[in-house]
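# Secondary and tertiary structure notes
Residues per chain are reported as follows:
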Amino acid sequence: MITVQDIQQKTIADLFEQYPFLPGFFEENTLQVNGQINEKLIDYLKFLDDEEEAENRAIDRDQLLNSMTIYISQMLEFLGEDVDDGVHSITILPGTNKSGEAEQFGELKISKSEIVCIVGPTGSGKSRLLADIEWVAQNDTPTSRTILVNEEMGDKKWRVSSGNKLVAQLSQNMNFVMDLSVYEFLELHAQSRLVEDVEGLIAKIIEEANKLAGEKFELTTPITSLSGGQSRALMIADTAILSKSPIILIDEIENAGIDRKKALDLLIGEEKIVLMATHDPMLALMGDKRIVIKNGGIHKVVETSDDERNLLVDLERMDAVVQNMRTRLRNGEIIKKEDIGF
Amino acid sequence: MNLVTVSGPPSSGKTAVILKTIDSLKKRGLEVGVVKFDCLYTDDDILYEKAGVKVKKGLSGSLCPDHYFVSNIEEVTQWGIKEGLDLLITESAGLCNRCSPYVKSITAVCVIDNLSGINTPKKIGPMLKSSDIVIITKGDIVSQAEREVFASRVNQVNPGASIMHINGLTGQGAYELSTLLYDEKVEIKTLVGEKLRFSMPSALCSYCLGETRIGESYQMGNVRKIDMSDKKGEK
Ligand SMILES: Nc1nc2c(ncn2[C@@H]2O[C@H](COP(=O)(O)OP(=O)(O)OP(=O)(O)O)[C@@H](O)[C@H]2O)c(=O)[nH]1
Ligand SMILES: Nc1ncnc2c1ncn2[C@@H]1O[C@H](COP(=O)(O)OP(=O)(O)OP(=O)(O)O)[C@@H](O)[C@H]1O
Ligand SMILES: [Mg+2]
Ligand SMILES: [Mg+2]
Ligand SMILES: [Zn+2]
Ligand SMILES: [Zn+2]
């Protein structure tokens, strides 16, 4: 454990060398180093002993030192985490439905690279189930469910830490709001994750995103001018490759401008656990199993059978017919019964 | 009675989050009230009333709302006790980015939103840096990457805080917040003798005192001038 005493006797140059993430902390806390890089931290911070200066800058020296110490410890822990410490499964233990009746399943284990769909009517409790997972419920949510991580009682650290969230989310109405090019955007995300091979990862993300999107885009394209399909493709590729969260919650994937099968393959290829709430039969059948929610409780867990999976081919064919008609209508053609083809 | 201070930039989602959180607290049978502080105008009291929450509001008018907050917080606390509340929540719009209404022993919550831009955490002073819980809202409309970058910026300025993502529209995450706000072992009877987490600037200039004329000869007290020379700024 690092203490305030440990760091304040070191020079800023030494600290920056030992903790390469520290300049970001200085920057974010509006501390400029300029010519004072070789001063000890404690001497550098002397300007805050002047009451007026401390007031003007609204910085409290002790609070700042405290924060810096916590930040260094957090980052060291974060960087020291082995891939092997990762999450390889979550297990849902039954609770109660909205009427207080016990849920009728033994336990439900979901592993890495598995896709589980969640289906059920509006208001049935799909979002609540996803929230239970995100909060690593321990019999302390309205459903009384318990979520195990790697078959053990979940660590509460998942609940409120910023860099270590259990769950990443992709949902229908998300947009990019920053005014950056694709490259700058990915670089910013990579930096916040403290990854080492920034260039390599950016190249990989854009390559995967372009496999998902109908029309290709460039690293220089501003993210706010990407089409809907391109935005989603970039979001999915970025989340698959750069997000540290082992679980991805998806709230529908619109069937336009993006190859959904490839998107899911990319996510599970990156060893994510994928949970997807959907009303679309094609997506539901792409899952390994589906959880049926009724009246707030898990009513059933259905494994996708081979028969169902074969149906997927037919559904895809039907979908292709509709897509084809859309294209032809757009081109001013007349469509006929024969175009349906079955 | 428990007391929680909620602060954050205008329209960041404070009321939305508080209302959703109160829903969960009520289900546990807790009586919750709110006092809203603002500067010139607020409709929030109507929103709280509609939701069946006991509410009072205070407008600071010509004063910095956070200064006004401190001058009134004891009276507000006594009101909550008199009303028999289990939990009193104060909502105040952080307007000057310099002041913050946090009291040392009282849970301090700061609400900011994903849309405000990634440089916002750097710009907000003690209101963000000295809070115990930071709530980030409006995650539903930005990408996962932007949420992660924003949260990491918040973490850099306040690494000790619990950071939570809450959707003010659907209430996702509000139940979870509600579990952090009430502790039955805590019993606040008065704030007299308590201290602020961060001092507020008290300096007055002639304009604070009603001066309207522009020009050096009308400026008295604490006057500070912009550096208009070419040399680069201080540290
Ligand atoms: N999309 C989205 N909108 C939100 C969210 N949270 C709040 N809003 C909306 O943002 C607007 C402002 O929210 P308020 O709760 O009134 O914000 P406030 O911080 O209380 O504002 P003041 O009290 O006026 O400073 C409202 O229109 C809310 O519906 C969210 O998580 N997502
Ligand atoms: N087992 C449960 N016990 C008590 N309350 C529950 C339970 N499950 C869900 N609820 C509550 O029911 C309400 C509706 O649930 P939720 O929002 O999860 O539905 P949904 O399936 O996501 O609906 P939509 O399709 O509209 O998004 C929520 O307030 C939730 O907290
Ligand atoms: Mg829902
Ligand atoms: Mg409000
Ligand atoms: Zn002020
Ligand atoms: Zn003034």
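Residues numbered from 1 in each chain as written. Chains lettered and ligands numbered in written order. Predicted model: local features only at pLDDT ≥ 70, side-chain atom pairs only at ≥ 80, totals over all residues. Heavy atoms only, no water.

Looking at an unreviewed UniProt entry, chain B carries the name CobW/HypB/UreG nucleotide-binding domain-containing protein, with the source organism given as Labilibaculum euxinus.

### Considering the packing of aromatic side chains
All names here are of chain A. Summed over all chains, the structure comprises 9 aromatic pairs over all chains. Taken together, a centroid distance of 6.0 Å and an interplanar angle of 75 degrees make the contact between Phe 21 and Tyr 71 edge-to-face. One end of the pair, Phe 21, is in the loop between α2 (12-18) and α3 (22-28); the other, Tyr 71, is in helix α6 (residues 61-80), with 50 residues separating them in the sequence. Tyr 71 gets classed as buried once you look at its relative accessible area, which sits at 3%. A network of ring pairs unites the aromatic residues Phe 16, Phe 26, Tyr 44 and Phe 47 as a single cluster. In this arrangement the basic side chain of Lys 244 is found over the ring face of Phe 78, its NZ or CZ atom lying 4.4 Å from the centre. (Phe/Tyr/Trp six-rings, centres within 6.5 Å; stacked < 30°, edge-to-face > 60°. Helix = DSSP H or I, 4+ residues; strand = E, 2+ residues; numbered from the N terminus. Buried < 20%, exposed > 50% of the residue type's maximum accessible area, 1.4 Å probe, protein only. Lys NZ or Arg CZ within 6 Å of the ring centre and 35° of its normal.)

### Overview of the sheet that holds strand β2 (residues 32-38) of chain B
All names here are of chain B. Here we have 7 strands laid out as an open sheet, ordered β3-β2-β4-β1-β5-β6-β7, and parallel in their pairing. Edge positions in the sheet fall to β3 (54-59) and β7 (162-165), since each of these pairs with one other strand and no more. Along the sheet, successive strands turn relative to each other by an average axial angle of 20 degrees, direction set aside. Note: strand β6 (residues 133-137) against β7, 4 bridges, orientation parallel. Each bridged residue has a counterpart across the sheet, and for Val 134 the counterpart in β7 is Ile 163. The sheet contacts of helix α1 (residues 14-27) involve β1 (2-8), β2, β4 (87-93), β5 (107-113) and β6, and relative to β4 the element is tilted by about 170 degrees. Here helix α3 (residues 65-82) sits on the sheet and contacts β1, β2, β3 and β4; the angle it forms with β4, its principal contact strand, is near 165 degrees. (Pairing = 2+ DSSP bridges. Axes fitted to C-alpha atoms, helices over the stretch in contact; angles between N-to-C directions. Contact = heavy atoms within 4.5 Å.)

### So, the site of ligand 2
Residue and element names in this part refer to chain A. In the vicinity of ligand 2 lie 14 residues, with Thr 96, Gly 123, Lys 126, Ser 127 and Arg 128 positioned nearest. Between an oxygen atom of ligand 2 and a side-chain N or O atom of Lys 98, the distance comes to 3.3 Å. Between Gly 125 and ligand 2, the recorded distance is 2.9 Å, taken from a backbone N or O atom to an oxygen atom. For ligand 2, the protein covers 69% of the area, taking 640 Å² as the surface of the free molecule. In terms of residue class, the shell around ligand 2 is made up of 2 nonpolar, 9 polar and 3 charged. (Near = heavy atom within 4 Å. Polar contact = N/O pair within 3.5 Å; in protein donor to acceptor, adjacent residues only side chain to side chain. Areas by Shrake-Rupley, 256 points an atom, 1.4 Å probe, with all protein chains shown as cover. Nonpolar A, V, L, I, M, F, W, Y, C, P; charged D, E, K, R; others polar.)

### Points about the environment of Val 4 of chain A
Residues and elements named next belong to chain A. Relative to the helices and strands, Val 4 resides in helix α1 (residues 4-8). A C-alpha to C-alpha distance of 44 Å links Val 4 and Glu 114, two positions 110 residues apart in sequence. Other than its neighbours up to four places away in sequence, Val 4 contacts Leu 65, Asn 66 and Thr 69.

### With respect to the interface of chain B and chain A
Each side of the interface is counted separately: chain B has 42 residues, and chain A has 54 residues. Linking chain B with chain A are 3 salt bridges. A salt bridge links Arg 128 of chain A to Glu 176 of chain B, with the nearest nitrogen and oxygen atoms 2.9 Å apart. Between the two partners, chain B and chain A, sit 16 residue pairs in polar contact (both at pLDDT 80 or more). Broken down by secondary-structure element, the contributors of at least two residues to the side of chain B that touches chain A are α4 (120-123), α5 (126-129), α6 (144-157), β7 and α7 (174-181) of chain B. Of all the elements, α6 of chain B adds the most residues to the side of chain B that touches chain A, at 12 residues. Tallied by class, residues from the side of chain B that touches chain A come to 17 nonpolar, 13 polar and 12 charged. (Salt bridge = Lys/Arg side-chain N within 4 Å of Asp/Glu carboxyl O.)

### Digging into the site of ligand 1
All names here are of chain B. Around ligand 1, a shell composed of 19 residues is seen, among which Lys 14, Thr 15, Ala 16, Lys 36 and Gly 168 lie nearest. Within the side chain of Thr 15, one N or O atom sits 2.7 Å away from an oxygen atom of ligand 1. When contributions to the shell around ligand 1 are tallied by element, the ones reaching two or more residues are α1 and β4. It is α1 that provides the largest number of residues to the shell around ligand 1, a total of 3 residues. Partitioning the shell around ligand 1 into residue classes produces 6 nonpolar, 7 polar and 6 charged.

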